[in-house]
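Examining the three-dimensional arrangement
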Amino acid sequence: MVSENYKNKIMESVKAKFGEMGVDDDTIKELVKVSIESLNEELEKIDKLLKSDNLNDLGFHTHTIKGILLNVGLDEDANSFKEIKHLFEEGKSNEEIIEITKQRISIFYI
């Protein structure tokens, strides 16, 4: 589950990004809600993959997280997920990929 701290970070970012475009508060709240739900779903899938040591779909799910974060204006956080997809191509071991992924997803629990 995404921490309250990170949920607040999402809310602040969405308000800053969409509020200046004139998007109303109800729409902003709904966007935040859907984004958090999507993040939680992806994090749950990643957690299962990491526990099973079956990393076949890990790149897909981390790429999805990157997209969610870009949509809510958290570009810097999103960029930290870009490299995970490429770790497979670089021939990194499963242990290295798991460790890097755990480091990246830790931002959601602080």
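Description of the structure in this document. (Residues numbered from 1 in each chain as written. Predicted model: local features only at pLDDT ≥ 70, side-chain atom pairs only at ≥ 80, totals over all residues. Heavy atoms only, no water.)

Within the fold, Glu-42 resides in helix α2 (residues 25-52). Taking the relative accessible area as the measure of exposure, Glu-42 reaches 7% and is therefore buried. Discounting chain neighbours no more than four positions away, the residues touching Glu-42 are His-61, Thr-64, Ile-65 and Ile-68. (Helix = DSSP H or I, 4+ residues; strand = E, 2+ residues; numbered from the N terminus. Buried < 20%, exposed > 50% of the residue type's maximum accessible area, 1.4 Å probe, protein only. Contact = heavy atoms within 4.5 Å.)

To continue, consider the nonpolar core. Within soluble globular proteins, side chains that are nonpolar generally end up buried alongside one another. If you look at the biggest cluster of nonpolar residues, it comprises 29 residues, and the most contacted ones within it are Tyr-6, Ile-10, Leu-39, Leu-58, Ile-65, Leu-69 and Phe-108. Every element with two or more residues in this core is listed here: α1 (4-19), α2, α3 (58-71), α5 (82-89) and α6 (94-105). It is α2 that provides the largest number of residues to this core, a total of 8 residues. Filtering out sequence-adjacent residues up to four positions away, Leu-58 remains in contact with Ile-46, Leu-49, Leu-50, Ile-84, Phe-88, Ile-97 and Thr-101. (Core = buried A, V, L, I, M, F, W, Y, C linked by side-chain atoms within 4.5 Å.)

Attention now goes to the pattern of salt bridges. For the structure shown, the criterion picks out 7 salt bridges. The partner of Glu-42 in a salt bridge is Lys-45, with the nearest N and O atoms 3.7 Å apart. Note that Glu-42 and Lys-45 are positioned in helix α2 at a spacing of 3 residues, about one turn of the helix. The partner of Lys-51 in a salt bridge is Asp-47, and the shortest N-O contact between them spans 3.1 Å. Residue Lys-51 and its partner Asp-47 are located together in helix α2, separated by 4 residues, close to a single helical turn. Residue classification places Lys-51 among the exposed residues on the basis of a relative accessible area of 67%. (Salt bridge = Lys/Arg side-chain N within 4 Å of Asp/Glu carboxyl O.)

One can describe the packing of α2 onto α3 by two numbers: an axis separation of 10 Å at closest approach and a directional angle of 160°. Here α2 lies roughly antiparallel to α3, going by the angle between them. For the pair α2 and α3, the crossing hand works out as left-handed. Taking contact as the criterion, the partners of Ser-35, Ser-38, Leu-39, Glu-42, Leu-43, Lys-45, Ile-46, Leu-49 and Leu-50 in α2 are, on α3, Leu-58, His-61, Thr-62, Thr-64, Ile-65, Ile-68 and Leu-69. (Axes fitted to C-alpha atoms, helices over the stretch in contact; angles between N-to-C directions. Parallel < 35°, antiparallel > 145°, perpendicular 65-115°, else oblique. Left-handed = near helix turned anticlockwise from the far one by under 90°.)

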